[in-house]
Amino acid sequence: MSRDSTGKVLRVAFLLCVVCSVLVSAAAVVLSDRQERNKVEEKNKNILQAAGLYEAGIPVEAQFSKIETRIVDLQTGEFSQDFDVVTFDSRSAARDPETRYQIPADLDLAAIKNRSRYQDVYLVMDDGLLQQIILPVHGKGLWSTMYGFISLAEDFSTVNGFAFYEHGETPGLGGEIDNPSWKKQWPGKRIYDDVGNFRIEVLKGRVDKKSENAIFQVDGLAGATLTARGVNNLLKYWLGDNGYKPFLEKLKEAGIKP
Ligand SMILES: Cc1cc2nc3c(=O)[nH]c(=O)nc-3n(C[C@H](O)[C@H](O)[C@H](O)COP(=O)(O)O)c2cc1C
């Protein structure tokens, strides 16, 4: 048979496909543990960044050791011991009929339809006292579901940091939620007023720094009002009565000793 015969070409092509698929499958299996570790490390880095605790150059694992992960039952507002904090995944739990909570349409401000009844929260402790609490939040922007972490100080109202780690908004428009100069406005802003009303808001336009409401306001995103509206809605949902608010109130009553 000639070297260029159709049969030989097909045989070589087939063998090449088999060899490549074996290599790719082997790489996927061998690297899957590492990918999982990288995913956890990336998540922990985002949590540290939201809390303003991340220091480049120091292993994330070492930095994360000062953070305590707990699972909260949003229905009761109490901590739950029913899950392994290392493996708990609120996104999977939101799909699992056992743990899924279908959000009534009139309450679904974040437009997510379902969430997990249980959520992972992250406590920064010092000498047994809570210094700050980091809460996962997510909700629809214009094009995508935006996932982030918001960190609150021990008064459960003052923002220490707020950052998204996953979204599909347009770079230069909605994607400006990642812009460090926009993000740096959040620390020091307050979520609730003195009587507990939800007040934080991304404006359309700029904050009037002389206004008495400035403490509850963040500059808008030029050309991206719809993404900004999504940010407002998801905060209103997650920090409201159907989100973390009952839990935060209980934690406050408990004298900040979780
Ligand atoms: C290709 C394209 C991508 C856009 N991406 C976004 C986006 O990610 N977020 C957003 O709020 N608006 C985006 N917009 C603009 C919205 O359609 C809308 O005009 C804008 O949110 C209104 O904001 P403004 O009132 O600040 O101009 C995009 C528009 C186009 C044409």
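The structure displayed is predicted, hence computed values, not measured ones.

> Go over the nonpolar core, please, and point to the residues and values.
By size, the foremost hydrophobic cluster in this structure holds 39 residues, and its most contacted members are Ile-133, Ile-150, Trp-186, Val-231 and Leu-248. Sorting the residues of this core by element identifies strand E5 (118-126), strand E6 (129-140), strand E7 (145-153), strand E8 (159-166), helix H5 (225-238) and helix H6 (245-253) as the ones contributing at least two each. The element contributing the most residues to this core is H5, with 6 residues. Leave out the neighbours within four places in its chain, and Ile-150 touches Ile-133, Ile-134, Leu-135, Val-137, Val-159, Gly-161, Phe-162, Ile-191, Leu-235 and Leu-239. With 11 residues, the next largest nonpolar core counts Val-60, Tyr-122, Val-124 and Ile-134 among its residues.

> Summarise the side chain of Ser-144; cite the residues concerned and give the values.
Assignment of secondary structure puts Ser-144 in the loop between E6 and E7. Given the relative accessible area of 11%, Ser-144 is considered buried. A distance of 2.6 Å separates polar atoms of two side chains, one belonging to Ser-144 and the other to Glu-169. Contacts of Ser-144, omitting those with residues within four sequence positions, involve Gly-139, His-167, Gly-168 and Glu-169.

> A description of the sheet that holds E7 should follow, citing residues and the corresponding values.
An order of E2-E1-E5-E6-E7-E8 is seen for the 6 strands of this open sheet, with the pairing classed as antiparallel. Each having just a single partner strand, strand E2 (78-80) and E8 make up the two edges of the open sheet. The average undirected angle you get between the axes of adjacent strands in this sheet is 35°. Both E5 and E6 contribute to a ladder of 5 bridges, which runs antiparallel. Bridging across to E6, Met-125 finds its partner in Leu-130. Packing of helix H1 (residues 6-50) onto the sheet brings it into contact with strand E1 (67-73), E5, E6, E7 and E8, and relative to E7 it is tilted by some 45°.

> I'd like to hear about the site of the ligand, residue by residue, with values.
What surrounds the ligand is the set Leu-142, Trp-143, Glu-169, Thr-170, Leu-173, Gly-174, Lys-204, Gly-223, Ala-224, Thr-225, Leu-226 and Thr-227. A distance of 3.2 Å is found between an oxygen atom of the ligand and a backbone nitrogen or oxygen belonging to Ala-224. Here an oxygen atom of the ligand sits 3.1 Å away from a polar atom, N or O, in the main chain of Leu-226.

> With reference to specific residues and values, describe the packing of aromatic side chains.
The tally for this structure, following the rule as stated, stands at 12 aromatic pairs. Each ring, one from Phe-83 and one from Phe-88, has its centre 5.1 Å from the other, and the planes form 65°; the classification is edge-to-face. For Phe-88, a relative accessible area of 10% corresponds to the buried category. Relative to Phe-164, the ring of Phe-162 lies with its centre 5.0 Å away and its plane at 55°, an arrangement referred to as tilted. One exposure class covers both Phe-162 and Phe-164, and it is buried. Among the aromatic residues, ring-to-ring pairing joins Phe-64, Tyr-122, Tyr-147, Phe-149 and Tyr-165 into one connected group.

Parameters and conventions
- Residues numbered from 1 in each chain as written.
- Predicted model: local features only at pLDDT ≥ 70, side-chain atom pairs only at ≥ 80, totals over all residues.
- Heavy atoms only, no water.
- Core = buried A, V, L, I, M, F, W, Y, C linked by side-chain atoms within 4.5 Å.
- Buried < 20%, exposed > 50% of the residue type's maximum accessible area, 1.4 Å probe, protein only.
- Helix = DSSP H or I, 4+ residues; strand = E, 2+ residues; numbered from the N terminus.
- Contact = heavy atoms within 4.5 Å.
- Polar contact = N/O pair within 3.5 Å; in protein donor to acceptor, adjacent residues only side chain to side chain.
- Pairing = 2+ DSSP bridges.
- Axes fitted to C-alpha atoms, helices over the stretch in contact; angles between N-to-C directions.
- Near = heavy atom within 4 Å.
- Phe/Tyr/Trp six-rings, centres within 6.5 Å; stacked < 30°, edge-to-face > 60°.

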